[in-house]
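Commentary on secondary and tertiary structure
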Amino acid sequence: MFNSTLVFNPSDGTSKRFSVPIVQELASQNLHSLPQRYIRSEAERPNIFPLPHLDIPVIDMGMFLRDSDVCKQKELGKLGIACQEWGFFQAVNHRIPLSLMERMKGIMREFIQLPLEEKLKYEVQELEGYGQAILASEDQILDWADAMYLTTLPPENRKMNFWPTKPVDFREVVEQYAVEIQKLGNTVLSLLSENVGLKPDCFINMCGEMAQVMRLNYYPPCPRPDLVLGICPHSDGHGLTVLLQDDETVGLQICKDGEWIPVQPIPGALVVNIGDMLEVISNGIYKSIEHRAVTNMDRDRISIAMFYGPGRETEVGPAPELIDELHPCRYRRFIRADYIRHFFSGRLDGKKKIEFAKIES
Ligand code: OGA
Ligand code: NI
């Protein structure tokens, strides 16, 4: 009753069907013990010891609108360091209306609470829809989460048959939010370009036609959060990610110098992180950082990740201006669509995916 049949596209282009549970249904069953398929090896389990208390950098986006060049340059320096050393920051004063962010979380929760048969109308196929798309083999350990993937930009690439019609304002809100996140994404890309001495539009131009994909993550409560992961360690494959998350529930952790650091939600803030494509374009100056999500025993959590970056046709490679004798080229050039195929053709495994583009030194 609670199985969802999923489609997987290995690199050879063929599809396979797998059956995996909808975790929300599993979680509602008052389980005495967890199904084996969710239990991580000891090395992968979340740390139950107190985690180091460090906070990821906070960037005041409002500073970039000031007349004062001093304020702007100071914040730009902070942003640069955040993206070089952390690969992550929290954006505050980003000018995306709080009311839109709240509506976004609201419609996602409403969708999650619909009866299963309604949600399965949008069952995942070829990386689009509701369920679990990143599945490489039948014996893979599963994440304690359900997801929904939608292509949001460019508008002509939307597959509307996967866009829920309930709640009734779902489509309208996602459309509005996608535009706002694109604006923020372009601002961040321009600033990061400027910060390495390039023209502000350099990174954006290098992306060609921009693509945006949304991923809703739903993490149901888990009776044994010490044994499972909500999402296993990975880096994001796009240019950059903007994550909207619940205000009260901690779940995201990033790997900093070998330690897992929880990201404390700041109400109203958005978490921004560097993806593999921006690491490549910046020739490794900015880093896509490994991260994961853990679950909680008595509360669920939602997050909405918007991935933004080069479209399928773009040939991606490091900016030539960033390469010289002291800074040799560290990544090869490739077509974005080939990276996507590579990214989804095996289980997520930390930062392994970017090896595809690395030049051995
Ligand atoms: C993702 C992701 C983390 C979270 O969707 O790529 O890393 O906190 N999500 O949900
Ligand atoms: Ni991620």
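These numbers come from a predicted model, not from an experiment.

1. Section: the environment of Leu 229
- Its place among the elements puts Leu 229 in the loop between strand E7 (210–219) and strand E8 (231–234).
- Expressed as a C-alpha distance, the spacing of Leu 229 and Val 179, which sit 50 residues apart in the sequence, is 31 Å.
- Sequence-distant contacts of Leu 229, defined by excluding residues within four places in its chain, comprise Arg 40, Glu 44, Pro 46, Asp 143, Trp 144, Arg 292, Ala 293, Val 294 and Thr 295.

2. Things to note about the site of ligand 1
- Around ligand 1 sit 13 residues, and of these Asn 217, Tyr 219, His 291, Arg 301 and Ser 303 come closest.
- At 3.2 Å, a side-chain N or O of Asp 236 approaches an oxygen atom of ligand 1.
- One of the side-chain nitrogen or oxygen atoms of Arg 301 is found 2.8 Å away from an oxygen atom of ligand 1.
- When ligand 1 sits alone it has 290 Å² of accessible area, and the protein chains cover 97% of it.
- Those elements that provide at least two residues to the shell around ligand 1 are E7, E8 and strand E14 (301–310).
- Ranked by residues supplied to the shell around ligand 1, first place goes to E14 with four residues.

3. Structural notes on the coordination of the nickel ion (ligand 2)
- Looking at the metal site, the nickel ion (ligand 2) is ligated by His 234 (NE2), Asp 236 (OD) and His 291 (NE2), spaced 2.1 Å from it.
- Binding-site remark: the nickel ion (ligand 2) is held by donors from one chain whose sequence spacing is H-x1-D-x54-H. With His 234 in strand E8 and His 291 in strand E13 (residues 291–293), the pair connects residues that are 57 residues apart, well separated along the chain. Both residues of the pair, His 234 and His 291, count as buried.

4. Concerning the layout of surface pockets
- By volume, the second largest pocket amounts to about 270 Å³.
- If you go around the second largest pocket, you meet 15 residues; those closest to its centre are Leu 65, His 94, Arg 95, Lys 183 and Thr 187.
- Of all the elements, helix H5 (residues 170–195) adds the most residues to the lining of the second largest pocket, at seven residues.
- For the lining of the second largest pocket, the residue count by class is six nonpolar, four polar and five charged.

5. Quick look at H5
- Between its first and last C-alpha atoms H5 spans 37 Å; for 26 residues at 1.5 Å apiece the expected length is 38 Å, and the two agree.
- Two residues or fewer past H5, Gly 197 is found with a positive phi of approximately 85 degrees.

6. With respect to helix H3 (residues 98–112)
- Across its 15 residues, H3 extends 21 Å between first and last C-alpha, which sits within 8% of the 21 Å expected from 1.5 Å per residue.
- Of the positions making up H3, those classed as buried are Leu 100, Met 101, Met 104, Lys 105, Ile 107, Met 108, Phe 111 and Ile 112. Looking down the long axis of H3, one finds its buried residues gathered within 160 degrees of arc, a one-sided arrangement.

7. Digging into the packing of aromatic side chains
- All told, the structure shown has ten aromatic pairs when counted by the stated rule.
- The rings of Phe 334, Tyr 339, Phe 343, Phe 344 and Phe 356 are connected pair by pair, giving a single aromatic cluster.
- Between the NZ or CZ atom of Lys 256 and the centre of the ring of Trp 86, over which it lies, the distance is 4.7 Å.
- Its end group placed over the ring of Trp 260, Arg 292 keeps NZ or CZ at 4.1 Å from the ring centre.

8. A look at the side chain of Asp 146
- Here Asp 146 lies in strand E6 (residues 146–153).
- Of the buried charged residues, Asp 146 lacks a salt bridge, with Lys 119 as the closest side chain of opposite charge at 6.2 Å.
- Side-chain polar atoms of Asp 146 contact the backbone nitrogen of Val 23, separated by 2.7 Å.
- Discounting chain neighbours no more than four positions away, the residues touching Asp 146 are Pro 21, Ile 22, Val 23, Gln 24, Tyr 130, Gly 131, Gln 132, Leu 216, Asn 217, Tyr 218 and Pro 220.

9. A closer look at the packing of helix H2 (residues 69–86) against H5
- It is at 10 Å that the axes of H2 and H5 come closest, and there the two elements cross at 95 degrees. One element, H2, and the other, H5, form an angle in the roughly perpendicular class. Two secondary-structure elements touch here, H2 through Lys 72, Leu 76, Leu 79, Gly 80, Cys 83 and Gln 84 and H5 through Leu 191, Leu 192, Glu 194 and Asn 195.
- Residues of the contact of H2 with H5, tallied by class, amount to five nonpolar, three polar and two charged.

Here is what the cut-offs are and how they apply
Residues numbered from 1 in each chain as written. Chains lettered and ligands numbered in written order. Predicted model: local features only at pLDDT ≥ 70, side-chain atom pairs only at ≥ 80, totals over all residues. Heavy atoms only, no water. Helix = DSSP H or I, 4+ residues; strand = E, 2+ residues; numbered from the N terminus. Contact = heavy atoms within 4.5 Å. Near = heavy atom within 4 Å. Polar contact = N/O pair within 3.5 Å; in protein donor to acceptor, adjacent residues only side chain to side chain. Areas by Shrake-Rupley, 256 points an atom, 1.4 Å probe, with all protein chains shown as cover. Donors = N, O, S within 2.8 Å, 3.2 Å for Na, K, Ca; no water. Buried < 20%, exposed > 50% of the residue type's maximum accessible area, 1.4 Å probe, protein only. 1 Å grid on protein atoms, 1.4 Å probe; cavity = no way out; pocket = protein on both sides within 12 Å on 5 of 7 lines; lining within 4 Å. Points joined across faces, edges and corners; volume = space filled by probe spheres on them. Nonpolar A, V, L, I, M, F, W, Y, C, P; charged D, E, K, R; others polar. Expected span 1.5 Å × (residues − 1). Arc of directions from axis to C-beta. Phe/Tyr/Trp six-rings, centres within 6.5 Å; stacked < 30°, edge-to-face > 60°. Lys NZ or Arg CZ within 6 Å of the ring centre and 35° of its normal. Lys, Arg positive; Asp, Glu negative; His and termini not counted. Salt bridge = Lys/Arg side-chain N within 4 Å of Asp/Glu carboxyl O. Axes fitted to C-alpha atoms, helices over the stretch in contact; angles between N-to-C directions. Parallel < 35°, antiparallel > 145°, perpendicular 65-115°, else oblique.

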